[in-house]
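A structural walkthrough
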Amino acid sequence: MVGYDPEAKCVSTAEAAAAGSASGLVTRVLVSPLDVLKIRFQLQIEQLSSRNPTAKYHGILQAVQRIFREEGLTAFWKGHVPAQLLSVGFGAVQFMAFESLTELVHDVTSFNARDSFVHLVCGGLAACTATVAVQPVDTLRTRFAAQGEPKIYPNLRHAVTTMYQTEGPWTFYRGLTPTLVAIFPYAGLQFFFYNILQQFSKWVIPAEGKNGASVKDLVCGSCAGVISKSLTYPLDVVKKRLQMGGFEHARATFGQVRTYGGPLDCMRQIMREEGPGGFFKGLSPSLLKAAFSTGLIFFWYELFCGLLCALKSPESTKRKEG
């Protein structure tokens, strides 16, 4: 169902956008706590270890307990409104662009639109398109998730106004370069491995029911998410650090803060002060999030597309007329 299929085309571009946005909305609610943990870990300069007395967070369980004790349960959904806008917008643009690009490949080239390599390239380009569209919301989400107590930004309107007046319009695109560099291989590999795993599952289990297909979509998506996230994670850390530029004062209670002159300067400082492990801070919750979010994104997208196809089927039309 993911990608253009000339033999089973039943979802329009607009319907793909609707299914993508709906899948993003449902998934975001479920994985938001893992996203908050990942961002907190990525932004911490100190080593993530109980042996470091200056480190605020040591591990997943300790971080969960501390955030809950200091900020309450709702802290795990900090920045949820911009995060939902991000997920809904990103999901809509990404899947709409992906369906359009794979259809374009089918119409104007000799490549097979169902080929894994085509999904790699089209998936990366679709994600880049979606990233440019929602980058301001991603920056807002990162700042909301990163701020402690007392809050610098009490609400979304205040955040947008303050950032625009004090830092200018380009502050909403902080970290865009490493984001685009990272998102192309990350998203491309997601679609690439999802396609390969789907083909492999059909070979292993040629006949299956609808329930089996749903579980298969979830498992294939989760595996694709873990593999792609592991390969591209360092660039995500750099992006998050750059998005905090001009907002360092909000992290005074979390430990050390740094300012970066750009992606290369950020990489040099991380390597010099934190070592190679600095590029993999927050990897554990990030992999958990990637497994859940990517699996659920593909699961819900396939499900919603299946429902849309079922509603347009002749049997469904006859029942409505009857």
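Residues numbered from 1 in each chain as written. Predicted model: local features only at pLDDT ≥ 70, side-chain atom pairs only at ≥ 80, totals over all residues. Heavy atoms only, no water.

**Observations concerning empty space enclosed by the protein**
Put simply, the rule reads: Here a cavity means grid points, on a 1 Å grid over the protein atoms only, where a 1.4 Å probe fits yet cannot get out; a pocket means an open set of points with protein on both sides within 12 Å along at least five of seven lines; lining residues are those with an atom within 4 Å of a point. Grid points are joined across faces, edges and corners, and a volume is the space filled by probe spheres set on the points. Elements are defined by DSSP. Helices are runs of H or I of four residues or more, strands are runs of E of two residues or more, and each kind is numbered from the N terminus. The nonpolar class holds Ala, Val, Leu, Ile, Met, Phe, Trp, Tyr, Cys and Pro. Asp, Glu, Lys and Arg form the charged class, and all remaining residues, Gly among them, are polar.
Applying the stated criterion to the full structure yields 2 cavities of 30 Å³ or more. Its boundaries defined by the atoms lining it, the largest cavity holds a volume of some 760 Å³. The element that contributes the greatest number of residues to the lining of the largest cavity is helix H6 (residues 176-204), accounting for 8 residues. As a volume, the second largest cavity reaches approximately 50 Å³. Arg 28, Ser 32, Asp 35, Val 36, Ile 39, Lys 78, Gly 79, Ala 83, Arg 141 and Ala 145 are the residues that line the second largest cavity. If you list the elements that add at least two residues to the lining of the second largest cavity, you get helix H1 (13-43) and helix H4 (116-146). Residue classes in the lining of the second largest cavity are distributed as 4 nonpolar, 2 polar and 4 charged.

**Brief notes about the layout of surface pockets**
Any empty space left between the atoms is revealed when a probe the size of a water molecule rolls over them. By volume, the second largest pocket amounts to about 280 Å³. If you go around the second largest pocket, you meet 21 residues; those closest to its centre are Arg 241, Leu 242, Met 244, Gly 245 and Tyr 260. Looking at the lining of the second largest pocket, the elements with two or more residues in it are H6 and helix H7 (210-243). Sort the elements by how many residues they give to the lining of the second largest pocket and H6 lands first, with 3 residues.

**Concerning the packing of H4 against helix H5 (residues 156-167)**
The condition is simple: Only the stretch in contact is used when fitting a helix axis, every axis being a line fitted to C-alpha atoms; angles between N-to-C directions are given from 0 to 180 degrees. Orientation categories follow fixed angle ranges, with anything under 35 degrees roughly parallel, anything over 145 roughly antiparallel, 65 to 115 roughly perpendicular, and all other angles oblique. Contacts are assigned to residue pairs that have any heavy atoms within 4.5 Å of one another.
One can describe the packing of H4 onto H5 by two numbers: an axis separation of 11 Å at closest approach and a directional angle of 110°. With respect to H5, the element H4 is oriented roughly perpendicular. Taking contact as the criterion, the partners of Thr 139, Leu 140, Arg 143 and Phe 144 in H4 are, on H5, Leu 156, Ala 159, Val 160, Met 163 and Glu 167. Here the contact of H4 with H5 is composed, by residue class, of 6 nonpolar, 1 polar and 2 charged.

**Looking at the nonpolar core**
We count it as follows: Here, the term nonpolar core denotes a set of buried Ala, Val, Leu, Ile, Met, Phe, Trp, Tyr and Cys residues that are joined through side-chain atoms within 4.5 Å. Exposed residues in this analysis have more than 50% of their type's maximum accessible area, buried residues have under 20%, and partly exposed residues fall in between, with area computed by a 1.4 Å probe over protein chains only.
Core analysis: the largest hydrophobic core is formed by 20 residues, its most contacted members being Val 2, Phe 95, Phe 98, Phe 191, Tyr 194, Phe 298 and Tyr 301. Contributions of two or more residues to this core are made by H1, helix H3 (80-108), H4, H6, H7 and helix H9 (283-311). Those residues in contact with Tyr 194, other than ones at most four positions away along the chain, are Val 2, Leu 189, Asp 217, Cys 220, Gly 221, Ala 224, Phe 298 and Glu 302. If you look at the next biggest cluster of nonpolar residues, it comprises 11 residues, including Ala 130, Val 134, Tyr 186 and Ala 290.

**Remarks on the environment of Gly 79**
In this fold, Gly 79 is placed in the loop between helix H2 (60-71) and H3. Remark: the alpha-carbon pair of Gly 79 and Leu 303, spanning 224 residues in sequence, is separated by 27 Å. Contact partners of Gly 79, with chain neighbours within four places excluded, come to Arg 141 and Phe 144.

**Digging into the environment of Phe 172**
Considering the arrangement of structural elements, one finds Phe 172 in the loop between H5 and H6. Contact partners of Phe 172, with chain neighbours within four places excluded, come to Gln 135, Pro 136, Thr 139, Leu 140, Val 160, Met 163 and Tyr 164.

**Concerning the packing of aromatic side chains**
How two aromatic rings sit relative to each other is given by the distance of their centres and the angle of their planes. What counts here: Any pair of Phe, Tyr and Trp rings, taking the six-membered ring for Trp, is counted once the centres come within 6.5 Å. Such a pair is stacked with planes under 30 degrees apart, edge-to-face with planes over 60 apart, and tilted for the rest. When the NZ atom of lysine or the CZ atom of arginine is within 6 Å of a ring's centre and also within 35 degrees of its normal, the charge is said to sit over that ring.
A complete count under the given rule lists 13 aromatic pairs for this structure. For the pair Phe 95 and Phe 298, a centre-to-centre distance of 6.3 Å together with 90° between the ring planes defines the contact as edge-to-face. Within this pair, whereas Phe 95 is found in helix H3, its partner Phe 298 is found in helix H9, the two being separated by 203 residues in sequence. Exposure remark for Phe 95: the relative accessible area of 1% places this residue in the buried category. A connected cluster of aromatic rings, assembled from ring pairs, spans Phe 95, Phe 98, Phe 191, Tyr 194, Phe 298 and Tyr 301. Over the aromatic face of Tyr 186 sits the side chain of Lys 229, whose NZ or CZ is 4.5 Å from the ring centroid.

**Notes on the packing of H1 against H9**
Condition: In this scheme the handedness of a crossing depends on how the near helix is turned from the far one: anticlockwise by less than a right angle means left-handed, clockwise means right-handed.
Running from amino to carboxyl end, H1 crosses H9 at an angle of 165°, the nearest separation of the two axes being 8 Å. Compared by their axis directions, H1 and H9 come out roughly antiparallel. The handedness of the crossing between H1 and H9 is right-handed. Here the contact of H1 with H9 is composed, by residue class, of 19 nonpolar, 6 polar and 5 charged.

**So, helix H8 (residues 263-274)**
Heads up, the rule is: Here the expected span of a helix is defined as 1.5 Å times the quantity of residues minus one. Throughout, the arc means the angular range of directions from the helix axis out to the C-beta atoms.
A rise of 1.5 Å per residue sets the reference length of H8, with its 12 residues, at 16 Å; its end C-alpha atoms lie 16 Å apart and thus fit the reference within 8%. Looking at H8, one finds that the buried residues are Cys 266, Gln 269, Ile 270 and Glu 274. All buried residues of H8 lie within an arc of 100° about the axis, which places them on one face of the element. Turned more than 90 degrees away from the buried face of H8 sit Leu 264 and Arg 272, all of them exposed. Following H8 by one or two positions, Gly 275 adopts a phi angle in the positive range, close to 80°.

**Thoughts on the UniProt feature "repeat: Solcar" (unreviewed entry) in the protein chain**
Note the following rule: UniProt positions are given in the numbering used here, feature names are shortened, and annotations may be inferred rather than shown by experiment.
UniProt annotation of "repeat: Solcar" (unreviewed entry) refers to residues 11-104, 114-200 and 212-307 when read in the numbering used here. Secondary structure over residues 11-104 splits into 72% helix and 0% strand, and the C-alpha atoms at its two ends are 15 Å apart. A helix fraction of 78% and a strand fraction of 0% characterise residues 114-200, whose end C-alpha atoms lie 14 Å from each other.

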